[in-house]
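Now for the letters of each chain:
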Amino acid sequence: MSDREALSPRLKTQSPSLMGGQSIENYGSSSSSSWYSRFWSSARRTKPLTSAFDDVVARAPSSDGLVRRLSLLDLILLGVGASIGAGIFVVTGTVARDAGPGVTISFIIAGVSCMLNALCYAELASRFPAVVGGAYLYTYTAFNEIIAFLVFGQLMLDYHIGAASIARSLASYVATLLELFPLFKDHIPSWLGHGGEEFLGGTLSINILAPILLTLLTIVLCWGVGESSIANAFMTVTKIIIVIIVIFVGVFKVDVSNWTPFAPHGVKSILTGATVVFFAYVGFDAVANSAEESKRPQRDLPLGIIGSLSVCIALYIGVCLVITGMVPYYLLGEDAPLAEAFTEKGLKFVSVLISIGAVAGLTTTLLVGLYVQSRLYLGLGRDGLLPSIFAKVHPIRHTPIHSQVWVGIVAGLMAGLFNVHVLSHILSVGSLTSYSVVSACVVTLRWKDKSGTEFSSRWLRAWDEGVICLIAVAFCGFGAGLIFRYSVSFILLIVAFVLAIIATAALYLRHSYEDARGFSCPGVPVVPTISIFVNMFLFAQLHYEAWIRFVTLSIIMVGVYALYGQHHAKPNSNETIIYQRAPQEATR
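Residues numbered from 1 in each chain as written. Predicted model: local features only at pLDDT ≥ 70, side-chain atom pairs only at ≥ 80, totals over all residues. Heavy atoms only, no water.

Caption draft 1: Geometry of the pattern of salt bridges. Counted by the stated rule, this structure contains eleven salt bridges. Two residues, Lys-47 and Asp-383, come together in a salt bridge whose shortest N-O distance is 2.8 Å. Remark: Asp-383 occurs in the loop between α14 (348–382) and α15 (401–417) and Lys-47 occurs in the loop between α2 (24–43) and α3 (72–83); sequence separation between them is 336 residues. Across the pair, exposure class does not vary: Lys-47 and Asp-383 are buried alike. Taking the shortest distance from any N to any O, the salt bridge between Glu-123 and Arg-446 comes out at 2.9 Å. Here Glu-123 is found in helix α5 (residues 103–127), whereas its partner Arg-446 is found in helix α16 (residues 429–446), with 323 residues between them in sequence. Across the pair, Arg-446 and Glu-123 agree in class, each one buried. Several salt bridges converge on common partners, so that one network encompasses Arg-296, Arg-299 and Asp-300. (Salt bridge = Lys/Arg side-chain N within 4 Å of Asp/Glu carboxyl O. Helix = DSSP H or I, 4+ residues; strand = E, 2+ residues; numbered from the N terminus. Buried < 20%, exposed > 50% of the residue type's maximum accessible area, 1.4 Å probe, protein only.)

Structure below.
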């Protein structure tokens, strides 16, 4: 008998007389109960965790696997490329209009909170087998199949909408650069690059250049990870150099008197700014999704995650100090504050560099985003939660071409037909929820007593107690965020903090924690619970439509899982993952 048959009892089809006189009504109730039991049994399945320090044995021809080509430098540039886009030239100035020079503190607070998430990602990247999956894989192992599928769904909607939105922005920047040449000035129609030509009352917004750019990037990614890594490295280095030039040139135009007052609208404006700029750092998790193509994953993945985030923090702080020192915060522009600041100082050439940097930044962000999406689809295809076509890897190019083309088609249709910018306020749900779940994974995987007998109370197992504490921290973070957002009561805010501290103390006192092999997140369970609290605090700052999107998409994903995923899932598929070293590594 197969595993699926063992987990999913067959539905009896005998007549009532053959079932001991069981009535049709009772049989219907039994069938419903059988379906529910089968669904619940499937949903609770977990993926076995094999040792991250042992190579996974190849069980298929070596030509069918991904190739380990990415070095530590490649991984750092991958993380920086995913995080720093045009936002560094826009978001910094926009938030500074409210937070004043204190926007620097906003970026530091957001950077520290992201570093907590990065530490959790770094431990799991070091602990898990070096295969694709990222947050989805961690959740599948630490919790269960249905939660992993929900995490994937939330992440993918973020990635799809984000890719289409970035593609439109990139098209607009490319058109702006082309208009610097007399041949194209005032000759590029809106349907080609700027925004889009609207039809049906704005329901459709046609843009031709965005899908073309997506097609070109998809071809690069299908060609090979080595080629796409070179493209990403070139453009990421270009934008880093431009940002450094901007900082260096701007330093000589700084008037320190512009830094006074440092927090003109108080501390709350700085904290509110931190919730906004947090999303400027999102992207370091892309490094974790490149595990199967990293040369030395157990060593390089943690360094790549933390290293890329550290570079982003340093660049953001430098830009914040320069822009608020050059121009009084209340005079900063809305759309292109950094470029306008340099133009006012008579440095027009720097404004041109900023436009080039924005194009390079958006290109790398889009490139890495498309790359990550295809690897997630590859992971679910291997596990059977999606059709097997997504699991196919090209035997020559060593890339998941089917997954990559699918991602490109979805993003291309959205970018070419719809004004996806209006959906921006429902973004970031997937990032915040996946970050929270990853932090919870670190805690649960460190528990020594995973069966739940030790330290158990009369009613609950230790595992259940721990999960309840983690959920309590998440709700406290969300509640504190709502209280802060609507300025309800300072006392209630303190109560939310105290309850979160009590739940964290219970996690610390009621469980014993084992040491992690490889990179170890410090301060478990305190650091992960702080990360969860902060993520859910930020979740509460999102537009209410983002909350509706979270609930609606979760219901849809449960339906998809019930109809397809539970019947095709293969939790033990990690046994067939192919480990293939890069050519230069195989000769060592």
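Caption draft 2: Focus on the packing of α3 against α14. Two numbers describe how α3 lies on α14: the axes approach to 7 Å, and their chain directions differ by 110 degrees. Between α3 and α14, the interaxial angle falls into the category roughly perpendicular. Note on packing geometry: the crossing formed by α3 with α14 is left-handed. Across the interface between the two elements, Leu-78, Gly-81 and Ala-82 from α3 touch Gly-361, Thr-364, Thr-365, Val-368 and Tyr-371 from α14. Grouping the amino acids of the contact of α3 with α14 by side-chain chemistry returns four nonpolar, four polar and no charged. (Axes fitted to C-alpha atoms, helices over the stretch in contact; angles between N-to-C directions. Parallel < 35°, antiparallel > 145°, perpendicular 65-115°, else oblique. Left-handed = near helix turned anticlockwise from the far one by under 90°. Contact = heavy atoms within 4.5 Å. Nonpolar A, V, L, I, M, F, W, Y, C, P; charged D, E, K, R; others polar.)

Caption draft 3: How the structure looks around unusual backbone geometry. The omega torsion across Thr-260 and Pro-261 is 0 degrees, close enough to zero to call that bond cis. Here Pro-261 lies in the loop between α9 (225–251) and α10 (267–277). Backbone torsion omega between Val-524 and Pro-525 reads 10 degrees, so that peptide bond is classified as cis. Within the secondary structure, Pro-525 is located in the loop between α18 (490–510) and α19 (526–539). Phi at His-398 is positive, roughly 55 degrees, even though this residue is not glycine. Within the element layout of this structure, His-398 appears in the loop between α14 and α15. On the basis of relative accessibility, which here comes to 14%, the residue His-398 falls in the buried class. At Ser-428, a residue that is not glycine, the phi angle is positive and equals roughly 75 degrees. As for its placement among the helices and strands, Ser-428 is situated in the loop between α15 and α16. Residue class for Ser-428 comes out buried when judged on its relative accessible area of 17%.

Caption draft 4: Representation of α10 within the structure. Listed in full, the buried residues belonging to α10 are Ser-269, Ile-270, Gly-273, Ala-274, Thr-275 and Val-277. On its buried face, α10 sits against α4 (87–99), α5 and α19.

Caption draft 5: Layout of a nonpolar patch on the surface. Together, Tyr-486, Val-488, Phe-490, Ile-491, Leu-492, Ile-494, Val-495, Val-498, Leu-499 and Ile-502 make up a nonpolar patch on the protein surface, roughly 980 Å² of accessible area in all. Looking at the nonpolar patch element by element, the count peaks at eight residues for α18. With respect to the helices, strands and loops of the structure, Tyr-486 is situated in helix α17 (residues 462–486). (Patch = residues over 30% accessible without salt bridge, like charges linked within 9 Å, V, L, I, M, F, W, Y side chains within 5 Å. Areas by Shrake-Rupley, 256 points an atom, 1.4 Å probe, with all protein chains shown as cover.)

Caption draft 6: Molecular detail of the environment of Ser-42. Note that Ser-42 resides in helix α2. Residues Ser-42 and Ala-569, spaced 527 residues apart in sequence, show a C-alpha to C-alpha distance of 8.5 Å.

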